[in-house]
Amino acid sequence: MVNFLYGIGFGLCFLVLFVLYRGIFGPGVFNRIAAISAIGTKTLVLLLIMGFIYNRAEMFIDISIVYALLNFVGTLAAAKYLEMEK
Amino acid sequence: MDISDLFSMLFLIGGLFFFITATAGLLRFPGFYTRLHATGKGDTLAVFLCLIGLAIHAGWTLSSLKIIFIAVFMFMAQPTATHAISRAAMKAGVKPWMKKDEPQ
Amino acid sequence: MISNSTDIIIKTVARIFIPFIQLYALYVIMHGHHSPGGGFQGGVILGASLILLLITHGHRQAMERISEKLISNFFSIGVLIYAGIGLLCIFFLGNFLDYGKLANLLQVDIANARSLSILGVEIGVGLTVMAVMVSIFYNISKPAQSRKNEENHDKSISER
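The text that follows walks through the structure, step by step, so that each part is easy to find.

Conventions used here
Residues numbered from 1 in each chain as written. Chains lettered and ligands numbered in written order. Predicted model: local features only at pLDDT ≥ 70, side-chain atom pairs only at ≥ 80, totals over all residues. Helix = DSSP H or I, 4+ residues; strand = E, 2+ residues; numbered from the N terminus. Rg over C-alpha atoms; globule rule 2.2 N^0.38 Å. Buried ≥ 20, exposed ≤ 12 C-beta atoms within 10 Å, placed from the backbone. Contact = placed C-beta atoms within 7 Å. Nonpolar A, V, L, I, M, F, W, Y, C, P; charged D, E, K, R; others polar. Axes fitted to C-alpha atoms, helices over the stretch in contact; angles between N-to-C directions. Parallel < 35°, antiparallel > 145°, perpendicular 65-115°, else oblique. Left-handed = near helix turned anticlockwise from the far one by under 90°. Core = buried A, V, L, I, M, F, W, Y, C linked by C-beta atoms within 7 Å. Expected span 1.5 Å × (residues − 1).

This part covers the overall build of chain A. Scanning chain A from N- to C-terminus turns up three helices and zero strands. Seen in sequence order, chain A has helices and strands lined up from the N terminus as α-α-α. Whereas a compact globule of 86 residues would reach a radius of gyration of roughly 12 Å, chain A reaches 15 Å, over 25% beyond that. Dimensions of chain A, computed from the C-alpha atoms along their principal axes, are close to 50 × 25 × 10 Å. Per-residue burial for chain A yields a buried fraction of 38% across its 86 residues.

Let us look at the overall build of chain C. A count of helical and extended segments in chain C gives six helices and zero strands. Helices and strands in chain C line up, N terminus first, as α-α-α-α-α-α. Considered along the principal axes of its C-alpha atoms, chain C spans approximately 55 × 50 × 20 Å. Out of the 160 residues belonging to chain C, those deemed buried represent 27%. Taking the intrachain contacts of chain C between residues at least 6 apart in sequence as the baseline, contacts between residues at least 24 apart amount to 64%.

Counting residues at the interface gives 36 residues for chain A and 36 residues for chain B. Taken together, the elements giving at least two residues each to the side of chain A that touches chain B come down to α1 (2-25), α2 (29-53) and α3 (57-82) of chain A. The residue inventory of the side of chain A that touches chain B, partitioned by class, reads 24 nonpolar, six polar and six charged.

Right, let's get into the packing of α2(A) against helix α3 (residues 62-92) of chain B. Put simply, α2(A) and α3(B) touch, their axes get as near as 10 Å, and they point 170 degrees apart. With respect to α3(B), the element α2(A) is oriented roughly antiparallel. Contacts from A:F30, A:I33, A:A34, A:S37 and A:T41 in α2(A) reach B:Q78, B:A81, B:I85 and B:A89 in α3(B). The residue makeup of the contact of α2(A) with α3(B), split by class, is six nonpolar, three polar and no charged.

Residues and elements named next belong to chain C. One can describe the packing of helix α2 (residues 39-65) onto helix α5 (residues 110-140) by two numbers: an axis separation of 7 Å at closest approach and a directional angle of 35 degrees. In this structure, α2 meets α5 at a crossing whose hand is right-handed. Contacts from G39, F40, G42, G43, V44, L46, G47, L50, I51 and L54 in α2 reach E122, V125, G126, T128, V129, M130, M133, V134 and F137 in α5. A class-by-class count of the residues in the contact of α2 with α5 yields twelve nonpolar, six polar and one charged.

Residues A:L69, B:C50, B:L51, B:L54, B:I85 and C:I45 are the most contacted members of the largest nonpolar core, which totals 76 residues. With twelve residues, the top contributor of residues to this core is helix α2 (residues 32-58) of chain B. In this view, B:L51 contacts B:I67, B:I70 and B:A71; residues no more than four positions away in its chain are not counted.

Residue and element names in this part refer to chain C. Examined against the element boundaries, Q61 turns out to sit in helix α2. Its 13 C-beta neighbours within 10 Å are what place Q61 among the partly exposed residues. Along the chain, Q61 and A144 lie 83 residues apart, while their C-alpha atoms are 18 Å from each other.

This part is about α2(B). All names here are of chain B. With 27 residues, α2 extends 39 Å from end C-alpha to end C-alpha; this agrees with the ideal 39 Å at 1.5 Å per step. The element α2 is largely enclosed, with a buried count of 20 among its 27 residues. Downstream of α2 by one or two residues, G59 has phi in the positive range, about 90 degrees.

Right, let's talk about the interface of chain A and chain C for a bit. The interface is formed by twelve residues belonging to chain A together with ten residues belonging to chain C. Tallied by class, residues from the side of chain A that touches chain C come to nine nonpolar, no polar and three charged.

Below, the structure is given as C-alpha coordinates:
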(Lines give C-alpha, C1' and ligand atoms only; values in the text may rest on other atoms or scores of the structure.)
Protein backbone atom coordinates (compact mmCIF):
# COMPACT_ATOMS: atom_id res chain seq x y z
CA MET A 1 0.00 0.00 0.00
CA VAL A 2 2.87 2.37 0.73
CA ASN A 3 4.32 1.85 -2.75
CA PHE A 4 0.94 2.58 -4.26
CA LEU A 5 0.72 5.83 -2.29
CA TYR A 6 4.20 6.77 -3.53
CA GLY A 7 3.01 6.22 -7.10
CA ILE A 8 -0.05 8.45 -6.65
CA GLY A 9 2.13 11.10 -5.06
CA PHE A 10 4.56 11.13 -7.96
CA GLY A 11 1.69 11.35 -10.42
CA LEU A 12 0.28 14.38 -8.62
CA CYS A 13 3.69 16.11 -8.57
CA PHE A 14 3.97 15.56 -12.30
CA LEU A 15 0.55 17.15 -12.83
CA VAL A 16 1.55 20.19 -10.78
CA LEU A 17 4.35 20.87 -13.28
CA PHE A 18 1.88 20.89 -16.13
CA VAL A 19 -0.48 23.28 -14.37
CA LEU A 20 2.49 25.53 -13.64
CA TYR A 21 2.89 26.05 -17.38
CA ARG A 22 -0.51 27.68 -17.45
CA GLY A 23 0.41 29.66 -14.38
CA ILE A 24 3.50 31.17 -16.03
CA PHE A 25 2.31 31.63 -19.61
CA GLY A 26 -1.38 32.21 -19.14
CA PRO A 27 -2.40 35.29 -21.10
CA GLY A 28 -3.79 37.66 -18.52
CA VAL A 29 -4.13 37.47 -14.76
CA PHE A 30 -7.31 35.39 -14.47
CA ASN A 31 -5.73 32.31 -16.00
CA ARG A 32 -3.00 32.53 -13.40
CA ILE A 33 -5.45 32.70 -10.51
CA ALA A 34 -7.29 29.61 -11.75
CA ALA A 35 -3.95 27.78 -12.03
CA ILE A 36 -2.93 28.72 -8.49
CA SER A 37 -6.25 27.47 -7.12
CA ALA A 38 -5.74 24.17 -8.94
CA ILE A 39 -2.20 23.81 -7.56
CA GLY A 40 -3.54 24.42 -4.07
CA THR A 41 -6.07 21.64 -4.46
CA LYS A 42 -3.42 19.15 -5.56
CA THR A 43 -1.15 20.22 -2.70
CA LEU A 44 -3.91 19.41 -0.23
CA VAL A 45 -4.13 15.81 -1.43
CA LEU A 46 -0.33 15.53 -1.49
CA LEU A 47 -0.10 16.62 2.15
CA LEU A 48 -2.55 13.93 3.22
CA ILE A 49 -0.74 11.25 1.23
CA MET A 50 2.54 12.26 2.89
CA GLY A 51 0.86 11.97 6.26
CA PHE A 52 -0.19 8.41 5.55
CA ILE A 53 3.25 7.43 4.25
CA TYR A 54 5.01 8.70 7.38
CA ASN A 55 2.38 7.06 9.60
CA ARG A 56 1.60 10.35 11.41
CA ALA A 57 -1.83 10.95 9.94
CA GLU A 58 -3.28 13.06 12.76
CA MET A 59 -0.74 15.85 12.47
CA PHE A 60 -1.03 16.26 8.71
CA ILE A 61 -4.82 16.33 8.72
CA ASP A 62 -4.89 19.46 10.86
CA ILE A 63 -2.39 21.14 8.58
CA SER A 64 -4.37 20.26 5.46
CA ILE A 65 -7.63 21.67 6.88
CA VAL A 66 -5.88 24.99 7.45
CA TYR A 67 -4.47 24.93 3.92
CA ALA A 68 -7.92 24.31 2.42
CA LEU A 69 -9.31 27.29 4.36
CA LEU A 70 -6.53 29.62 3.32
CA ASN A 71 -6.76 28.59 -0.34
CA PHE A 72 -10.48 29.41 -0.33
CA VAL A 73 -10.13 32.78 1.37
CA GLY A 74 -7.17 33.74 -0.82
CA THR A 75 -8.98 32.98 -4.05
CA LEU A 76 -12.03 34.98 -2.96
CA ALA A 77 -9.87 37.94 -1.96
CA ALA A 78 -7.94 37.92 -5.24
CA ALA A 79 -11.16 37.76 -7.27
CA LYS A 80 -12.66 40.63 -5.26
CA TYR A 81 -9.62 42.79 -5.83
CA LEU A 82 -9.52 42.17 -9.56
CA GLU A 83 -13.15 43.00 -10.11
CA MET A 84 -12.61 46.57 -8.92
CA GLU A 85 -9.90 47.25 -11.46
CA LYS A 86 -11.95 48.90 -14.21
CA MET B 1 -4.43 -7.40 0.90
CA ASP B 2 -7.82 -6.65 2.49
CA ILE B 3 -11.02 -5.67 0.80
CA SER B 4 -10.77 -2.18 2.29
CA ASP B 5 -7.33 -1.70 0.73
CA LEU B 6 -8.78 -2.68 -2.62
CA PHE B 7 -11.60 -0.15 -2.35
CA SER B 8 -9.18 2.56 -1.28
CA MET B 9 -6.98 1.87 -4.28
CA LEU B 10 -9.97 2.02 -6.61
CA PHE B 11 -11.07 5.42 -5.29
CA LEU B 12 -7.55 6.82 -5.47
CA ILE B 13 -7.10 5.67 -9.06
CA GLY B 14 -10.44 7.24 -9.98
CA GLY B 15 -9.36 10.48 -8.34
CA LEU B 16 -6.06 10.50 -10.20
CA PHE B 17 -7.87 9.90 -13.51
CA PHE B 18 -10.10 12.93 -12.98
CA PHE B 19 -7.10 15.04 -12.00
CA ILE B 20 -5.40 14.07 -15.27
CA THR B 21 -8.41 14.99 -17.37
CA ALA B 22 -8.90 18.30 -15.52
CA THR B 23 -5.26 19.24 -16.12
CA ALA B 24 -5.51 18.27 -19.78
CA GLY B 25 -8.54 20.52 -20.04
CA LEU B 26 -6.73 23.41 -18.39
CA LEU B 27 -3.89 23.16 -20.88
CA ARG B 28 -5.67 22.49 -24.14
CA PHE B 29 -8.99 24.31 -24.12
CA PRO B 30 -9.35 27.55 -26.08
CA GLY B 31 -10.55 30.59 -24.19
CA PHE B 32 -10.67 31.39 -20.48
CA TYR B 33 -14.19 30.31 -19.51
CA THR B 34 -13.82 26.83 -20.97
CA ARG B 35 -10.61 26.31 -19.04
CA LEU B 36 -12.28 27.44 -15.85
CA HIS B 37 -15.10 25.00 -16.53
CA ALA B 38 -12.61 22.14 -16.83
CA THR B 39 -10.58 22.87 -13.76
CA GLY B 40 -13.44 23.91 -11.50
CA LYS B 41 -15.55 20.84 -11.98
CA GLY B 42 -12.88 18.20 -12.56
CA ASP B 43 -10.77 19.20 -9.59
CA THR B 44 -13.72 19.16 -7.20
CA LEU B 45 -14.79 15.64 -8.08
CA ALA B 46 -11.20 14.40 -8.08
CA VAL B 47 -10.50 15.78 -4.61
CA PHE B 48 -13.71 14.26 -3.29
CA LEU B 49 -12.85 10.80 -4.61
CA CYS B 50 -9.26 10.94 -3.38
CA LEU B 51 -10.30 11.97 0.11
CA ILE B 52 -12.94 9.23 0.31
CA GLY B 53 -10.25 6.74 -0.67
CA LEU B 54 -7.89 7.97 2.04
CA ALA B 55 -10.68 7.93 4.63
CA ILE B 56 -11.38 4.27 3.86
CA HIS B 57 -7.66 3.57 4.24
CA ALA B 58 -7.62 5.12 7.73
CA GLY B 59 -10.34 2.91 9.13
CA TRP B 60 -12.92 3.69 11.84
CA THR B 61 -10.92 6.30 13.74
CA LEU B 62 -11.28 10.01 14.40
CA SER B 63 -8.91 10.71 11.48
CA SER B 64 -11.36 9.44 8.89
CA LEU B 65 -14.13 11.67 10.32
CA LYS B 66 -11.86 14.69 9.95
CA ILE B 67 -11.01 13.71 6.38
CA ILE B 68 -14.71 13.53 5.57
CA PHE B 69 -15.07 17.06 6.99
CA ILE B 70 -12.37 18.27 4.63
CA ALA B 71 -14.11 16.52 1.73
CA VAL B 72 -17.46 18.19 2.45
CA PHE B 73 -15.77 21.56 2.88
CA MET B 74 -13.94 21.29 -0.45
CA PHE B 75 -17.11 20.14 -2.16
CA MET B 76 -18.86 23.33 -1.10
CA ALA B 77 -16.00 25.80 -1.27
CA GLN B 78 -14.30 25.01 -4.58
CA PRO B 79 -17.36 25.74 -6.79
CA THR B 80 -17.88 29.00 -4.91
CA ALA B 81 -14.32 30.06 -5.63
CA THR B 82 -14.75 29.18 -9.30
CA HIS B 83 -17.96 31.20 -9.41
CA ALA B 84 -16.20 34.19 -7.84
CA ILE B 85 -13.36 34.09 -10.38
CA SER B 86 -15.70 33.85 -13.35
CA ARG B 87 -17.88 36.68 -12.07
CA ALA B 88 -14.85 38.89 -11.61
CA ALA B 89 -13.66 38.06 -15.13
CA MET B 90 -17.09 38.92 -16.51
CA LYS B 91 -17.07 42.31 -14.80
CA ALA B 92 -13.52 43.06 -15.91
CA GLY B 93 -14.46 42.42 -19.54
CA VAL B 94 -12.90 39.12 -20.53
CA LYS B 95 -14.64 37.97 -23.70
CA PRO B 96 -15.82 34.38 -24.19
CA TRP B 97 -14.33 32.39 -27.06
CA MET B 98 -16.49 31.99 -30.15
CA LYS B 99 -15.95 29.49 -32.91
CA LYS B 100 -15.78 32.17 -35.57
CA ASP B 101 -12.69 33.66 -33.88
CA GLU B 102 -10.65 30.68 -34.96
CA PRO B 103 -8.79 31.28 -38.27
CA GLN B 104 -10.12 28.75 -40.78
CA MET C 1 -13.97 50.97 -0.52
CA ILE C 2 -14.89 47.32 -0.35
CA SER C 3 -18.49 47.28 -1.51
CA ASN C 4 -21.19 44.80 -0.70
CA SER C 5 -21.03 41.80 -2.99
CA THR C 6 -24.22 41.67 -5.05
CA ASP C 7 -24.03 37.92 -5.48
CA ILE C 8 -26.18 35.69 -3.33
CA ILE C 9 -24.12 32.52 -3.68
CA ILE C 10 -20.92 33.96 -2.25
CA LYS C 11 -22.71 35.68 0.63
CA THR C 12 -24.63 32.55 1.62
CA VAL C 13 -21.64 30.25 1.48
CA ALA C 14 -19.54 32.70 3.50
CA ARG C 15 -22.28 32.94 6.11
CA ILE C 16 -22.39 29.17 6.39
CA PHE C 17 -18.63 28.79 6.78
CA ILE C 18 -17.66 31.61 9.16
CA PRO C 19 -18.86 29.98 12.43
CA PHE C 20 -17.18 26.70 11.56
CA ILE C 21 -13.89 28.42 10.80
CA GLN C 22 -14.04 30.13 14.18
CA LEU C 23 -14.80 26.84 15.90
CA TYR C 24 -11.79 25.27 14.22
CA ALA C 25 -9.62 28.19 15.32
CA LEU C 26 -10.64 27.57 18.94
CA TYR C 27 -9.74 23.91 18.50
CA VAL C 28 -6.29 24.88 17.22
CA ILE C 29 -5.70 27.20 20.20
CA MET C 30 -6.76 24.62 22.77
CA HIS C 31 -4.75 21.72 21.35
CA GLY C 32 -1.47 23.58 21.14
CA HIS C 33 0.44 21.16 23.32
CA HIS C 34 -0.65 18.05 21.47
CA SER C 35 -0.87 18.82 17.75
CA PRO C 36 0.42 21.62 15.52
CA GLY C 37 -1.13 24.85 16.68
CA GLY C 38 -1.05 27.14 19.65
CA GLY C 39 -1.76 30.78 20.22
CA PHE C 40 -0.44 32.49 17.11
CA GLN C 41 -1.79 30.01 14.60
CA GLY C 42 -5.25 29.98 16.14
CA GLY C 43 -5.31 33.77 16.23
CA VAL C 44 -4.46 33.97 12.54
CA ILE C 45 -7.27 31.60 11.60
CA LEU C 46 -9.71 33.54 13.78
CA GLY C 47 -8.63 36.74 12.03
CA ALA C 48 -9.04 35.10 8.64
CA SER C 49 -12.68 34.37 9.39
CA LEU C 50 -13.40 38.03 10.09
CA ILE C 51 -11.54 39.06 6.95
CA LEU C 52 -13.79 36.69 5.02
CA LEU C 53 -16.77 38.55 6.48
CA LEU C 54 -15.26 41.84 5.36
CA ILE C 55 -14.57 40.87 1.76
CA THR C 56 -17.93 39.28 1.12
CA HIS C 57 -20.28 41.62 2.92
CA GLY C 58 -18.56 44.93 2.40
CA HIS C 59 -17.11 47.56 4.64
CA ARG C 60 -20.31 49.02 6.03
CA GLN C 61 -21.96 45.80 7.16
CA ALA C 62 -18.76 44.44 8.68
CA MET C 63 -18.23 47.69 10.61
CA GLU C 64 -21.77 47.44 11.93
CA ARG C 65 -21.06 44.04 13.37
CA ILE C 66 -17.55 44.59 14.68
CA SER C 67 -16.64 48.24 15.01
CA GLU C 68 -13.11 49.55 15.40
CA LYS C 69 -13.72 50.42 19.03
CA LEU C 70 -14.62 46.83 19.84
CA ILE C 71 -11.50 45.53 18.10
CA SER C 72 -9.27 47.90 20.01
CA ASN C 73 -10.85 46.64 23.22
CA PHE C 74 -9.99 43.10 22.18
CA PHE C 75 -6.31 43.59 21.80
CA SER C 76 -6.07 45.29 25.13
CA ILE C 77 -7.91 42.40 26.79
CA GLY C 78 -5.49 39.91 25.26
CA VAL C 79 -2.42 41.68 26.61
CA LEU C 80 -4.20 42.09 29.97
CA ILE C 81 -4.72 38.34 30.25
CA TYR C 82 -1.08 37.62 29.46
CA ALA C 83 0.45 40.20 31.79
CA GLY C 84 -2.23 39.59 34.41
CA ILE C 85 -1.28 35.95 34.80
CA GLY C 86 2.36 36.99 35.09
CA LEU C 87 1.61 39.55 37.80
CA LEU C 88 -0.62 37.09 39.65
CA CYS C 89 2.41 34.84 39.96
CA ILE C 90 4.34 37.73 41.52
CA PHE C 91 1.59 38.25 44.10
CA PHE C 92 2.03 34.66 45.22
CA LEU C 93 5.73 35.29 45.95
CA GLY C 94 7.28 33.90 42.78
CA ASN C 95 9.03 35.24 39.71
CA PHE C 96 7.20 36.76 36.75
CA LEU C 97 5.34 33.96 34.91
CA ASP C 98 6.32 31.38 37.51
CA TYR C 99 3.25 29.25 37.14
CA GLY C 100 4.08 26.76 39.85
CA LYS C 101 3.04 29.14 42.60
CA LEU C 102 -0.57 29.19 41.37
CA ALA C 103 -1.11 25.62 42.51
CA ASN C 104 -2.87 26.61 45.73
CA LEU C 105 -5.20 29.02 43.97
CA LEU C 106 -6.33 26.50 41.38
CA GLN C 107 -6.24 23.58 43.86
CA VAL C 108 -4.37 21.18 41.62
CA ASP C 109 -0.79 19.89 41.76
CA ILE C 110 2.12 21.84 40.31
CA ALA C 111 2.35 20.16 36.87
CA ASN C 112 -1.35 20.69 36.18
CA ALA C 113 -1.11 24.30 37.35
CA ARG C 114 1.63 24.92 34.77
CA SER C 115 -0.41 23.30 32.02
CA LEU C 116 -3.54 25.32 32.79
CA SER C 117 -1.64 28.59 32.98
CA ILE C 118 0.01 28.01 29.63
CA LEU C 119 -3.46 27.48 28.18
CA GLY C 120 -4.59 30.78 29.66
CA VAL C 121 -1.60 32.59 28.19
CA GLU C 122 -2.26 31.07 24.74
CA ILE C 123 -5.83 32.36 24.83
CA GLY C 124 -4.55 35.85 25.49
CA VAL C 125 -2.09 35.62 22.62
CA GLY C 126 -4.80 34.36 20.26
CA LEU C 127 -7.13 37.24 21.05
CA THR C 128 -4.41 39.83 20.49
CA VAL C 129 -3.27 38.35 17.18
CA MET C 130 -6.83 38.25 15.87
CA ALA C 131 -7.54 41.83 16.86
CA VAL C 132 -4.34 43.20 15.35
CA MET C 133 -4.88 41.42 12.04
CA VAL C 134 -8.45 42.65 11.68
CA SER C 135 -7.54 46.17 12.73
CA ILE C 136 -4.72 46.42 10.19
CA PHE C 137 -7.01 45.16 7.44
CA TYR C 138 -9.72 47.67 8.35
CA ASN C 139 -7.21 50.46 8.25
CA ILE C 140 -5.72 49.48 4.89
CA SER C 141 -9.07 49.11 3.18
CA LYS C 142 -10.64 52.30 4.45
CA PRO C 143 -11.76 54.73 1.74
CA ALA C 144 -9.76 57.91 1.41
CA GLN C 145 -12.64 60.24 2.25
CA SER C 146 -13.30 58.90 5.72
CA ARG C 147 -9.58 58.78 6.44
CA LYS C 148 -9.43 62.51 5.67
CA ASN C 149 -12.42 63.12 7.94
CA GLU C 150 -10.66 61.32 10.75
CA GLU C 151 -7.50 63.36 10.31
CA ASN C 152 -9.44 66.59 10.49
CA HIS C 153 -11.26 65.33 13.55
CA ASP C 154 -7.99 64.42 15.31
CA LYS C 155 -6.43 67.73 14.32
CA SER C 156 -9.34 69.70 15.75
CA ILE C 157 -9.14 67.82 19.02
CA SER C 158 -5.40 68.41 19.40
CA GLU C 159 -5.73 72.14 18.65
CA ARG C 160 -8.16 72.75 21.48
